[in-house]
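Per-entry structural report
Residues per chain, in single letters:
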Amino acid sequence: MATDLHELLRSLRVWDPQVTDLPSFEPATAPTAPLPLFAEWFAAAVAAGQTEPHTMSLATSDASGLPDVRIVMLHGADADGWSFASHAGSRKGRHLAGRPYAALGFYWPVLGRQVRVRGPVTAAPSGESQGDLHARSTGALAAALTGRQSEVLPSLDDLARASQSAWERASREPEAPVPSWTLYRLRAEEVEFFQGDERRRHVRLRYRREGERDGEGERDGEGERDGEGWSRELLWP
């Protein structure tokens, strides 16, 4: 079995030109802040037909500093940060309560692009979290109502019964509250854009947030507060 896996891995190719179009990326023309570039790359991934471009890896760490990672859905990206949601009592929720810092990873293979984001995480007020949930589909509400995320499941029959009950309630009460549902926002301190190259001359541009002025300040045209800024630097591939 191990030999079969090894052979299968060696048979695979990265960025097959038949299905991948590697665009050019000129860092010198990139905007001064990362959010506009992220929005541009995200739109390009959607236009290129990337499957589920809004899914991302979310890395957290437990009380001992041990890492964990999973795939979640991006709920938004704006001046307040990159947002995602989960139950406060889930594994990721417990991690973030104890160590409110995380990293995100997007991969859009159809364009050979990655985006990495990391920074502190805060929980939105309950009203915003519930609003986020109720703006989603009936299925999303049913899943949230099923609850008990990350707890031990006795059997699939237990899941089927709980899910059926949750679907019925979600259909009956589209505004049903789920108190544990939490919208989280990651405020980026560092954002890296990676553009793959067929000759392995990958272009990597990293933004790092610089000092902030005391107080809230005013927001400029790219969604940042006055007194904030970003440094940019290239990285070896």
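Quick caveat, the model's predicted, so the values are computed rather than measured. (Residues numbered from 1 in each chain as written. Predicted model: local features only at pLDDT ≥ 70, side-chain atom pairs only at ≥ 80, totals over all residues. Heavy atoms only, no water.)

This paragraph deals with unusual backbone geometry. In this model, Glu52 sits at a positive phi of 45°, which is unusual for a non-glycine residue. Tracing the backbone shows Glu52 in the loop between α2 (34–47) and β1 (55–61). Even without being glycine, Arg200 reaches a positive phi, approximately 65°. The topology assignment puts Arg200 in the loop between β8 (190–195) and β9 (203–209). (Helix = DSSP H or I, 4+ residues; strand = E, 2+ residues; numbered from the N terminus.)

This part is about the environment of Gln114. With respect to the secondary-structure elements, Gln114 resides in strand β6 (residues 113–123). For Gln114, a relative accessible area of 29% gives the class partly exposed. In this structure the C-alpha to C-alpha distance between Gln114 and Pro154, which are 40 residues apart in sequence, comes to 38 Å. Other than its neighbours up to four places away in sequence, Gln114 contacts Trp41, Phe106, Tyr107, Glu192, Phe193 and Phe194. (Buried < 20%, exposed > 50% of the residue type's maximum accessible area, 1.4 Å probe, protein only. Contact = heavy atoms within 4.5 Å.)

Where a strand is regular, its side chains alternate between the two sheet faces. A large share of β9 lies buried, amounting to five of its seven residues. Bridge analysis of β8 against β9 gives six bridges, and the strand direction is antiparallel. By the bridge assignment, Glu192 is partnered in β9 with Arg206. With six bridges joining them, β9 and strand β10 (residues 230–235) adopt antiparallel strand pairing. Residue Arg209 lies in a different strand from β10, and its bridge partner there is Trp230. (Pairing = 2+ DSSP bridges.)

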